[in-house]
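# Residue-level structural notes
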Amino acid sequence: MHHGNHFYGHAHVLAEYCGLDPEHPPRIEGYVQHGWNVVDGLGAGTPYMPGRPIFVWSEQTRRRAWSMGRRQATVIGAPFLYLLEVTPSPEEPVAREGTIWYPFHGWESQRVQGSHARLIDEIMTTEDGPVTFCLYWNEFHNDRIRAEYEKAGRVVCHGYRGRHWLDTDTKFLHKQLAELRRHRRVASNRLSSAIFYGVAAGCLPAVYGDPMRLENEDRPTAERIRRQWPELHGKHPDPAAARPAAMSELGAGYLASPAELSAMLGWSGPVRELAAASA
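All of the points below concern the structure found in this document. It should be emphasised that the depicted structure is a prediction, and the values quoted were computed from it without experimental measurement.

### Here we look at the packing of aromatic side chains
The full count for this structure, using the stated rule, is 11 aromatic pairs. Ring centres of Tyr17 and Tyr82 lie 4.7 Å apart, and the angle between their planes is 70°; on these two criteria the pair is classed as edge-to-face. Taken as a pair, Tyr17 in helix H1 (residues 10–17) and Tyr82 in helix H3 (residues 79–86) lie far apart in primary sequence, 65 residues in all. This pair shows no difference in class: Tyr17 is buried, exactly as Tyr82 is. Through a chain of ring-to-ring contacts, three or more aromatic side chains come together here, namely Phe7, Tyr8 and Phe172. In this arrangement the basic side chain of Arg161 is found over the ring face of Phe7, its NZ or CZ atom lying 4.7 Å from the centre.

Structural data, given as structure tokens:
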């Protein structure tokens, strides 16, 4: 299995949905889109075996993948939507309050450039309730950056996405869902997976503030995102327009049944029989 299939515990969530052991997901026969992007759904610069199937979140992503020569693309919907299927809302829902804010983040090969202090100032003058700042692991482990946010509010981190099958927090999405369900709003300075997940979990979305920059970033792509999804940008987007756009990007309406998903991922037949025998 390609190590990207384990990012954020995606393979584990899909295995749970299919009735298999979520701690030891079987090998996926292909590549699962691990985050929202505006190309073919696969990680930039990551080598993939040609001709293998890819499993993308939305029809729009499938069409882009097809145009880029990846003809084995199948729409299955985002793993986060499958998590919602196996993690129903509590019978006595927690009263939502405040905003969970996801600052744009870097990763191993690119750091974010910009002023966190100025961004925090704008956030605190915009939000009308308590703010939880969710930092990506990259910034969370930077003492200086984390301290800036800790001065303004509660700071959390959902965990490490994993790399080369090591240190994956398989409950990453579970932690994210739990946090989203306790907040009224979800916001960021860039449109991202977190905003879409928040909408799916019942939050009101917002995208505003200094978008910051990644080192050696392709700026035209970032600018195109703001032009293409204006209904999700701003401090108080219209929920009636924002929700359909977000759910479309997650692939709502394309979720497969456990049996269908098992067949697509290569988990039918002997794999399921082995799992049943070990249960």
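### Comments concerning the nonpolar core
In this structure, Phe80, Leu180, Leu191, Leu250 and Leu261 are the most contacted members of the largest nonpolar core, which totals 55 residues. Those elements that provide at least two residues to this core are H1, H3, strand S4 (99–102), helix H7 (172–180), helix H8 (193–200), helix H10 (239–250) and helix H11 (258–265). With six residues, H8 is the largest single contributor of residues to this core. Not counting residues up to four positions away in its chain, the partners in contact with Leu261 are Leu14, Tyr17, Cys18, Ile76, Tyr82 and Ala256.

### So, the sheet that holds S4
If you walk across this open sheet you meet the five strands as S7-S6-S4-S8-S9, and the pairing is parallel. The sheet is open, and its two borders are formed by strand S7 (154–156) and strand S9 (204–207), each paired with just one other strand. Pairs of neighbouring strands in the sheet enclose a mean axial angle of 25°, with direction left out of account. For strand S8 (residues 185–188) and S9, the ladder comprises four bridges, and the chain directions are parallel. Its bridge partner being in S9, Ala187 is matched across the sheet by Ala206. Along the sheet, H7 makes contact with S4, strand S6 (131–134), S7 and S8, crossing S4 at roughly 140°.

### Some thoughts on the pattern of salt bridges
Enumeration according to the criterion identifies 13 salt bridges in this entry. Close ionic contact of Lys235 with Glu122 constitutes a salt bridge, the shortest N to O distance being 3.6 Å. Within this pair, whereas Lys235 is found in the loop between helix H9 (219–228) and H10, its partner Glu122 is found in helix H4 (residues 116–126), the two being separated by 113 residues in sequence. The shortest N-O distance in the salt bridge between Asp128 and Arg184 comes to 3.0 Å. Taken as a pair, Asp128 in the loop between H4 and S6 and Arg184 in the loop between H7 and S8 lie far apart in primary sequence, 56 residues in all.

### Here we look at the packing of H8 against H10
Look at H8 against H10: their axes get within 9 Å of each other, and the N-to-C directions meet at 110°. Relative to H10, the element H8 is oriented roughly perpendicular. Our pair here, H8 against H10, has a crossing hand that is left-handed. In this structure, H8 contributes Phe196, Tyr197, Val199 and Ala200 to the contact, and H10 contributes Arg243, Ala246, Met247, Glu249 and Leu250.

### As for the side chain of Arg190
With respect to the element layout, Arg190 can be found in the loop between S8 and H8. Of the polar contacts made by the side chain of Arg190, one reaches the backbone oxygen of Met212; its length is 2.7 Å. Not counting chain neighbours up to four residues away, the residues in contact with Arg190 comprise Phe104, Ile195, Val207, Pro211, Met212, Arg213, Glu217 and Ala222.

### A few points about the packing of H1 against H3
Think of two packed helices as two axes; the pair is described by the angle between the axes and how far apart they sit. Interaxial distance between H1 and H3 falls to 9 Å at its minimum, and their mutual angle equals 40°. In terms of orientation, H1 lies oblique with respect to H3. By crossing handedness, the relation of H1 to H3 is classed as left-handed. Contact residues: His10, Val13, Leu14, Glu16 and Tyr17 in H1; Pro79, Tyr82, Leu83, Glu85 and Val86 in H3.

Cut-offs applied
Residues numbered from 1 in each chain as written. Predicted model: local features only at pLDDT ≥ 70, side-chain atom pairs only at ≥ 80, totals over all residues. Heavy atoms only, no water. Phe/Tyr/Trp six-rings, centres within 6.5 Å; stacked < 30°, edge-to-face > 60°. Helix = DSSP H or I, 4+ residues; strand = E, 2+ residues; numbered from the N terminus. Buried < 20%, exposed > 50% of the residue type's maximum accessible area, 1.4 Å probe, protein only. Lys NZ or Arg CZ within 6 Å of the ring centre and 35° of its normal. Core = buried A, V, L, I, M, F, W, Y, C linked by side-chain atoms within 4.5 Å. Contact = heavy atoms within 4.5 Å. Pairing = 2+ DSSP bridges. Axes fitted to C-alpha atoms, helices over the stretch in contact; angles between N-to-C directions. Salt bridge = Lys/Arg side-chain N within 4 Å of Asp/Glu carboxyl O. Parallel < 35°, antiparallel > 145°, perpendicular 65-115°, else oblique. Left-handed = near helix turned anticlockwise from the far one by under 90°. Polar contact = N/O pair within 3.5 Å; in protein donor to acceptor, adjacent residues only side chain to side chain.

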